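Structural characterization, general
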Amino acid sequence: MYQIDPPLSPKETLPTMYDLPSEDPEEKGLPDQFHLLQPQLLSETFAPANYHSEEIFTGSDMNLYYDSRHPLWYKRPDWFAVLGVPYLYGDHQDLRLSYVVWQEAVNPYIIVELLSPGTEKEDLGQTLRDVEKPPVKWEIYEQILRVPYYAIFDRYQSEFRMFQLNGDRYTEANLTNSRFWIPSIELGLGVWEGSYKNVNMPWLRWYDKNGNWVLTPAEWEKQRANQEKQRANQEKQRANQEKQRADQERQRADQERQRADQERQKTEKLIAQLRALGVEPEID
């Protein structure tokens, strides 16, 4: 007798997310979930000591227009930061739709690219420019915008690389424990193994002059709540200690009263015994 196997479900027969491309072949590097979360972490922890938050703009997956002679040319860095520009755009205090260099008059200070299979060669400067097309990323960041720092992070290999503009060329920095310190902003960038948005993995984030990771607003709030809870526990502990001391004082007072009563009773008994013997005691 033949046994007929049940038909497979679409979940078992159709391709998974690992089988399907995560990028549009015509526009490589479109964001996946990591490309959304990692820039958020970078922005939340980017706090240069010598700049107010209103003087800092960070963007992610935003059109960066870089050449006034070719105003339609742009690149979309995964994350970038600009120092010394208003957080909001212009007199209207509007949210930016893009970053237009010839209007802002300030180039990005640092750009971070997150490696993906479709953009890896261009991110690493291994793609030759087609003379009939706009420049590639590396040329734009290095030669046109002259961005002081260019970071690359490969989440699959947990590999962080930093390039620093020396003269007219990028040179790769030697990292210590996957960290790189930038003295001019008193911040460092490095690989942190931890949980962000409930996802535990290696992340790129900023650290301070003491080597501590800059906290996100959620981490600040959690730390503040923990400190408040700790202070409340300490207050409760102090109150319990005060109550315990008060109880001990009351107990000592009761014991003193009890001893005094016992002494008085002994004295009264002795006086009664002396009087019974016809002796009138001298009482002070």
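First, a word on scope: everything that follows refers to the structure included in this document. (Residues numbered from 1 in each chain as written. Predicted model: local features only at pLDDT ≥ 70, side-chain atom pairs only at ≥ 80, totals over all residues. Heavy atoms only, no water.)

**Here's the deal with the nonpolar core**
Core analysis: the largest hydrophobic core is formed by 32 residues, its most contacted members being Phe46, Ile110, Phe160, Met162, Leu189 and Trp206. When residues of this core are traced back to their parent elements, those giving at least two are helix H2 (33-45), strand E4 (79-83), strand E6 (110-114), strand E7 (149-154), strand E8 (159-166), strand E10 (179-182), strand E11 (187-196) and strand E12 (199-207). Among all residues touching tryptophan 206, those that are not within four sequence positions of it are Leu42, Thr45, Phe46, Trp79, Ile110, Ile182, Ile185, Leu187, Gly188, Leu189, Trp213 and Val214. The next biggest cluster of nonpolar side chains, apart from the first, holds 22 residues, and it includes Phe57, Val82, Trp138 and Phe163. (Core = buried A, V, L, I, M, F, W, Y, C linked by side-chain atoms within 4.5 Å. Buried < 20%, exposed > 50% of the residue type's maximum accessible area, 1.4 Å probe, protein only. Helix = DSSP H or I, 4+ residues; strand = E, 2+ residues; numbered from the N terminus. Contact = heavy atoms within 4.5 Å.)

**What to know about helix H6 (residues 217-276)**
Here H6 contains 60 residues, and its C-alpha end-to-end distance of 87 Å stays within 8% of the 88 Å for a straight helix at 1.5 Å per residue. A positive phi of about 85° marks glycine 278, the residue just after H6. (Expected span 1.5 Å × (residues − 1).)

**Some points on the pairing of strand E9 (residues 169-172)**
Alignment of E8 against E9, held across four bridges, turns out to be antiparallel. Paired with glutamine 164 across the two strands is threonine 171, which belongs to E9. The turn linking E8 back onto E9 is made up of two residues, and glycine 167 within it adopts a positive phi angle of 70°. (Pairing = 2+ DSSP bridges.)

**Structural notes on the sheet that holds E10**
Strand order in the open sheet made by the three strands is E10-E11-E12, with antiparallel pairing throughout. The open sheet has two free edges, formed respectively by E10 and E12, since each of these has just one partner strand. In this sheet, neighbouring strand axes are inclined to one another by 30° on average, regardless of whether the strands run parallel or antiparallel. Pairing analysis gives nine bridges linking E11 to E12, with the strands arranged antiparallel. Paired with glycine 194 across the bridge in E12 is methionine 201. Those strands touched by H2 are E11 and E12, and its axis lies near 35° from that of E12. (Axes fitted to C-alpha atoms, helices over the stretch in contact; angles between N-to-C directions.)

**Brief notes about the pattern of salt bridges**
Tallying each qualifying case throughout the model produces 20 salt bridges. Notably, a salt bridge pairs arginine 69 with aspartate 67, separated by 3.2 Å at the nearest N-O pair. Judged by relative accessible area, aspartate 67 falls into the buried class, the value being 6%. For the salt bridge of glutamate 256 with arginine 259, the shortest nitrogen-to-oxygen distance reads 2.0 Å. Of the two residues, glutamate 256 and arginine 259 are both situated in helix H6; the distance of three residues between them amounts to about one turn of the helix. (Salt bridge = Lys/Arg side-chain N within 4 Å of Asp/Glu carboxyl O.)

**Here's the deal with unusual backbone geometry**
The backbone of arginine 146 shows a phi angle near 50°, a positive value even though the residue is not glycine. Given a relative accessible area of 37%, arginine 146 falls into the partly exposed group. Positive phi, normally seen in glycine, also occurs at lysine 197, with a value near 55°. Looking at where lysine 197 falls in the secondary structure, it is placed in the loop between E11 and E12. Owing to a relative accessible area of 47%, lysine 197 belongs among the partly exposed residues under this scheme.

**Notes on the sheet that holds strand E1 (residues 56-59)**
Reading across from one edge, E1-E4-E6-E7-E8-E9 is the order of the six strands in this open sheet, with mixed pairing throughout. Each edge of the open sheet is held by one strand with a lone partner, namely E1 and E9. When strand polarity is set aside, the average angle formed by the axes of neighbouring strands in this sheet is 20°. Against the sheet, H2 makes contact with E1, E4, E6 and E7, and its axis sits at roughly 155° relative to E6, the strand it touches most. Each of E6, E7, E8 and E9 is contacted by helix H5 (residues 137-144), which is oriented at about 105° to E9, the strand it contacts most.

**Observations concerning the side chain of aspartate 78**
By secondary structure assignment, the location of aspartate 78 is in the loop between strand E3 (74-75) and E4. Within the buried set, aspartate 78 has no salt-bridge partner at all; the shortest N-O distance to an opposite charge, 5.4 Å, is to lysine 137. Within the structure, aspartate 78 has its side chain in polar contact with the backbone nitrogen of leucine 114 (distance 2.7 Å). (Lys, Arg positive; Asp, Glu negative; His and termini not counted. Polar contact = N/O pair within 3.5 Å; in protein donor to acceptor, adjacent residues only side chain to side chain.)

**Some thoughts on the packing of aromatic side chains**
Aromatic rings considered in pairs are described by the distance between their centres and by the relative angle of their planes. A complete count under the given rule lists 20 aromatic pairs for this structure. Between phenylalanine 34 and phenylalanine 153, the ring centres sit 6.3 Å apart and the planes meet at 45°, which makes this aromatic pair tilted. Here phenylalanine 34, found in helix H2, pairs with phenylalanine 153, found in strand E7; they are 119 residues apart in sequence, far enough to count as distant. Phenylalanine 153 carries the same exposure label as phenylalanine 34, and that label is buried. When the ring of tyrosine 196 is compared with that of tryptophan 203, the centres are 5.5 Å apart and the planes differ by 75°; the resulting orientation is edge-to-face. Here the two residues tyrosine 196 and tryptophan 203 agree in accessibility, since each one is buried. Ring pairing ties together the aromatic residues Trp138, Tyr141, Tyr150, Phe163 and Tyr170, which thus form one cluster. (Phe/Tyr/Trp six-rings, centres within 6.5 Å; stacked < 30°, edge-to-face > 60°.)

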